[in-house]
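Chain residues, written in single-letter form:
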Number of protein chains: 2
Amino acid sequence: MNIVLLSGGSGKRLWPLSNDIRSKQFIKIFKKEDGSYESMVQRVYRQICKADKDANVTIATSKTQVSAIHNQLGDSVGISVEPCRRDTFPAIALVSAYLHDVQGIAEEESVVVCPVDPYVNDDYFQKLVELSERAASSEANLVLMGIEPTYPSEKYGYVIPESSAEVSEVSSFKEKPDAKTAEEYIAQGALWNGGVFAYKLKYVLDKAHELIDFMDYQDLFSKYDTLTKISFDYAVVEKEDNIEVMRFNGQWKDLGTWNTLTEAMEESCVGEAMMNEKCGNVHIINELNVPVLAMGLHDVVISASPEGILVSDKEQSSYIKPFVDRIDQQIMFAEKSWGSFRVLDVEEESMTIKVTLNPGHQMNYHSHKNRDEVWTVIAGKGHTIVDGMEQEVSAGDVITMEAGCRHTIIAETELKLIEVQLGKEISVHDKQKYPLE
Amino acid sequence: MNIVLLSGGSGKRLWPLSNDIRSKQFIKIFKKEDGSYESMVQRVYRQICKADKDANVTIATSKTQVSAIHNQLGDSVGISVEPCRRDTFPAIALVSAYLHDVQGIAEEESVVVCPVDPYVNDDYFQKLVELSERAASSEANLVLMGIEPTYPSEKYGYVIPESSAEVSEVSSFKEKPDAKTAEEYIAQGALWNGGVFAYKLKYVLDKAHELIDFMDYQDLFSKYDTLTKISFDYAVVEKEDNIEVMRFNGQWKDLGTWNTLTEAMEESCVGEAMMNEKCGNVHIINELNVPVLAMGLHDVVISASPEGILVSDKEQSSYIKPFVDRIDQQIMFAEKSWGSFRVLDVEEESMTIKVTLNPGHQMNYHSHKNRDEVWTVIAGKGHTIVDGMEQEVSAGDVITMEAGCRHTIIAETELKLIEVQLGKEISVHDKQKYPLE
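Residues numbered from 1 in each chain as written. Chains lettered and ligands numbered in written order. Predicted model: local features only at pLDDT ≥ 70, side-chain atom pairs only at ≥ 80, totals over all residues. Heavy atoms only, no water.

A. Up close: the sheet that holds strand β24 (residues 372-379) of chain B. Residue and element names in this part refer to chain B. Strands sit in the order β20-β21-β22-β29-β24-β27 across an open sheet of six strands; the sheet is antiparallel. Both outer strands of the open sheet, β20 (333-336) and β27 (398-401), are each paired with one neighbouring strand and no more. Adjacent strand axes in the sheet meet at a mean angle of 20°, parallel and antiparallel pairs treated alike. Pairing of strand β21 (residues 339-347) with strand β22 (residues 350-357) involves eight bridges; the strand directions are antiparallel. Paired with Glu347 across the bridge in β22 is Ser350. Helix α2 (residues 66-73) contacts β20 and β21 of the sheet and is inclined by roughly 70° relative to β20. (Pairing = 2+ DSSP bridges. Helix = DSSP H or I, 4+ residues; strand = E, 2+ residues; numbered from the N terminus. Axes fitted to C-alpha atoms, helices over the stretch in contact; angles between N-to-C directions. Contact = heavy atoms within 4.5 Å.)

Shown next, in the form of C-alpha cells:
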C-alpha cells in the first residue's frame, strides 16, 4: 500500500508540550509494551508497518517538521516537503506528483491519504489496506472511509451513503451540524467523514493538472507559494459523483485537546510525579527532571515542559489557544535531525544550551556573525572541525570559537555538550552554512 | 533594644520553595513598595529597624542558614551559630552567652527573644520595644507577649493572666487545647502564647549555669552537641513564678502552610503567570523563567521552583510533609554568602551550574579531588586565582581547572559564570578549602 500521512498544525492547543516548532504528533506520551513512550506519529507508523510490512509511507509536511520526523522515524520514511502552508488540495497534489515523479509510482497504483494523528487500534489500519485495494479495483474515482458514529457529534462532517453495505456509493456530504441535525443524519444512516481518501494516482494527478498550471513535481514545488489555499474536500471530493464510502466501526479518536488526549493515556502520570489519595481524574505529564506533586485536585491536567507549565480543569483546557497566543516565547527545546537541544539559561548577552548528538550524526558546518561560542563536551566521543582543522574530542574537552569561525561536531557515540553563546545579538537566524571542506 | 530572632526549621511544608537548605523565612514572596520582593526575614528585620533604629539584632540559627542570612541581611547583623539543633533552651542559653561574652552586653540589660517568622504589622515591633523596656524595669524575671485570640485555635498554647490589665502576672499556662477547651480558656480571658520572651540577660545566664555545666560562651559552644534537647518553655517559663504577660491585640499570623502564606500575599501571582477568568482563589508563585498558565481552578496554590512543582488544593496543602519526605532530591538552587548558584543540568558524570557572585564577593579558595571544572564567564568583571596565578576575567573568558587545582574567583562587578563539573564522583562534599596565598 502507498500511504500518505498529512502532518500539519503547530498545535498550540496542547501547550506547553506542543508549540510553534513541535506539533502534538511528536509528543511522546503513549506507553509501549517495553515501558518506553512513543509519539502519535511513531505509534501510527508502527501500526501501519504492522498492517502492511511493505507499506510505502510518505509524510506530507512543512519544512519545520522534517528534523523531528527524521529524529522519530529514521531516514527510511519518505517526506514530501511543502514549501509553505496551502491547505489540503495543494498538499495532496504535491505529494501525488512527488510519488509519481520522484518515487516512480505508476499512475494506476492506488494511494491512501490519511491524517497523521488518529488515535486508533490496528483494525483501522487493516481497513486502510482494504481501502487501498478497493481504490485499485473499483470503478469509483475516490473511496472514502466513513466512521460509524457513536454519538451525534458537532465536531465532524457527515457522509450519507446510498446503502448500509460495507462499501456504498455516496449519496451526499453534510457540513458539521448542530447536535439535533446530527441525530437526524445518524437516523438516515450517516457516517462521520474520517478525512481518509483513497484513489488511483492518475485521478489526482489529472485533477491537479486540471486546476493548476504545472509541468511536473519540481515545477509544482517551485510555484507552490502562488497556489490558492483550498481543501481537498472542497476542490475534489464534494464535486465528484463517482465516489464510494467504506464503513469502519472500530475505535476512532481525535486527540486534539488535553481533555481528549488524557483520556487516551494508559497511566495517570508520565514523568516524575506524585499525587495524594484526594486527587481524582488527574493527569500529569512532566517533561522536566524535577518532581510534580498534586494534592486534592479533581478533573485537572498538569503539563510541564521546558516551555512552561499548564494547570487546567480538563473541560477548560479546550479554551487554551488565546492564552498561548499571548506567550511570545523563546523555543526552549527542539528535536533536530541530528539529535536535540535544550536551552538551560538565558541572559541579556549570553545563552547556554545543552546539545545532544545521536551516534553517527553531525551538525551542519556553520558560522555565526554576532556571537562567540564555547563548547564543553560532557559525554561521548567524536571530532570537531573548526576552520578546517579536525580534532578528536571526548568528555572534558573545551572548544572555543570566535564569531565568524566555521565549525561543526561529528558524534561517534552519543555525544553531549554544553554550549555557551556570547554576544550582544544572539539569534537563531545568525547562521551561515557551508559545505564541508 | 537587644533582640534575638530564633531562626529554625527546614520547612518542608512550603516545598518546593523551602527545602533542606532553604527555610521558609528566606522565600522572597512579599511585595515591597518599590515593586521588588522581600522574604519573611528581610521583612521582619526591616520592621525591627523601623521600630528601633538602634536595635541590636542577633539571629540564633544553625550553620546551614548563615550564608542565606548574610546574603539577605548583609554583614552587620549578629549571628549566634548553633553547632547542631538542641531545641530552644540550649539555643537561648547559647545566644545569651554570645551576647554577654562576645558582644559584651551587660548582665542588667534586657533581651527580647522572638521567632523569626511572624507575619505582623509595625505595631507588633512597637510592642517588642515596650516588652524590652518592661523587662528592664520590672521586678519580674520574665515578660511574655500574650496575643488576644481572634478564634478558639487548637494550634497555640494559652496563657491565663491574673487580670485584664495591659501587663499582668501570669496565673497559668495551658497546652494546645481542643476547640471546646480553647473557648473555655478564652472565656476566662486567656491569651495566645506568642513564643516571645523578654528578660534581663543575667536571669537566663544564671538559669543556664544552673542547668548546664559550662564556663563561658566558647565552652558552651564546644559542648553544645552533648546538651539535652529541651524547650525554653518547659525548662524555664513554666517553672517560673515571677512572670508577667503583656497583651497585644494587633494582627498576628503564623504563615506555616501554603494556605496561610497565600492569604498574606498582596497579589495572586508572583513571577511569570497567567490565569483565565474561570479561576477563583488561585495563587501562583513561579520562580522559573517560563510561564505558568492556570485555567478553571478554584482554591488552588501553584508553586514552581528549580526543585519541583506543587499544585494543591489550599486546604490539602497542609498535608504536604510526608510526600516531600519521599523526595530524595539534589539541591537545585542555593543562596550563599557570596551570591547564589543554580543547577542547570545533571548527567551521570557531569553537572552544569550557573554561579552568580555579588560585587566585591568571592568564593573560598578551594580544590576538588574527584572532578575537573570549566568556567565560562558570561557577565561581569573580576579576577581568578588558579594555583596561585592571578588573572583578570570578563565575559567570554574560559578557565579550565583539573582535579586538585586550587581556585577561586573574585567579583569586581556582579559576575555570572557557567561551571561545568566533570568526573565520576561529583559531590558537594568533595571540597578542600585553603587560605589565600
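That shown, we press on.
B. Structural view of the relation of the copies chain B and chain A. Take chain B, turn it by 179°, move it 0.1 Å along the axis, and it overlays chain A with an RMSD of 0.1 Å. Seen this way, the second copy is the image of the first under a two-fold rotation axis. In terms of C-alpha distance to the rotation axis, chain B has Leu344 of chain B as its closest residue, with the C-alpha 3.0 Å off the axis. When the interface residues of chain B are mapped onto chain A, 100% of them are again interface residues, pointing to one common binding face. (Least-squares fit on C-alpha atoms with pLDDT ≥ 70 in both.)

C. Here's a closer look at the pairing of strand β20 (residues 333-336) of chain A. All names here are of chain A. Examined bridge by bridge, β20 and strand β21 (residues 339-347) share four bridges and lie antiparallel to one another. The residue of β21 that forms the bridge with Lys336 is Gly339. The hairpin formed by β20 and β21 contains two residues between the paired strands.

D. Spatial organisation of the side chain of Thr257 of chain A. Examined against the element boundaries, Thr257 of chain A turns out to sit in the loop between β13 (252-254) and α9 (258-263). In contact with Thr257 of chain A, other than residues within four places in its own chain, are Arg13, Leu14 and Ser318 of chain A.

E. Geometry of the packing of aromatic side chains. All names here are of chain A. Evaluation of the coordinates by the stated rule reveals 28 aromatic pairs over all chains. Between Trp192 and Trp252 the ring centres are 5.9 Å apart and the planes differ by 45°, which places this aromatic pair in the tilted class. With a gap of 60 residues between them, Trp192 in strand β11 (residues 191-200) and Trp252 in strand β13 connect regions that are remote in the sequence. Comparing Trp192 with Trp252, the two get one shared label, buried. (Phe/Tyr/Trp six-rings, centres within 6.5 Å; stacked < 30°, edge-to-face > 60°. Buried < 20%, exposed > 50% of the residue type's maximum accessible area, 1.4 Å probe, protein only.)

F. Fine view of the interface of chain B and chain A. Between chain B and chain A, the residue contacts involve 52 residues of the former and 53 residues of the latter. Three residues, Leu293, Met295 and Ile309 of chain B, lead the burial of chain B against chain A; their summed loss comes to 16% of the area buried on that side. The tally of links from chain B across to chain A stands at six salt bridges. Salt-bridge contacts for Lys354 of chain A lead to Asp345 of chain B; the nearest nitrogen and oxygen are separated by 2.9 Å. On inspection of chain B and its partner chain A, the count reaches 18 residue pairs in polar contact (both at pLDDT 80 or more). (Buried area = accessible area lost by both parts, 1.4 Å probe. Salt bridge = Lys/Arg side-chain N within 4 Å of Asp/Glu carboxyl O. Polar contact = N/O pair within 3.5 Å; in protein donor to acceptor, adjacent residues only side chain to side chain.)

G. Structural detail: the sheet that holds β20 of chain A. Residues and elements named next belong to chain A. Taking strand neighbours across the sheet as the criterion, the six strands line up as β20-β21-β22-β29-β24-β27 in an open arrangement whose pairing is antiparallel. At either margin of the open sheet sits one strand with a lone partner, and together these are β20 and β27 (398-401). Across the sheet, the mean angle separating the axes of adjacent strands is 20° when strand polarity is ignored. Pairing geometry for strand β24 (residues 372-379) and strand β29 (residues 415-422), over seven bridges, is antiparallel. By the bridge assignment, Thr376 is partnered in β29 with Ile418. Strands β20 and β21 of the sheet are contacted by helix α2 (residues 66-73), whose axis makes an angle of about 70° with β20.

H. Region of the structure containing helix α3 (residues 88-102) of chain B. Residue and element names in this part refer to chain B. Between its terminal C-alpha atoms α3 stretches 20 Å, which fits the 21 Å expected from 15 residues at 1.5 Å a residue. In terms of residue burial, α3 counts as a mostly covered element, since 11 of its 15 residues are buried. What α3 keeps buried is the set Phe89, Pro90, Ala91, Ile92, Ala93, Leu94, Val95, Ser96, Ala97, Tyr98 and Leu99. (Expected span 1.5 Å × (residues − 1).)

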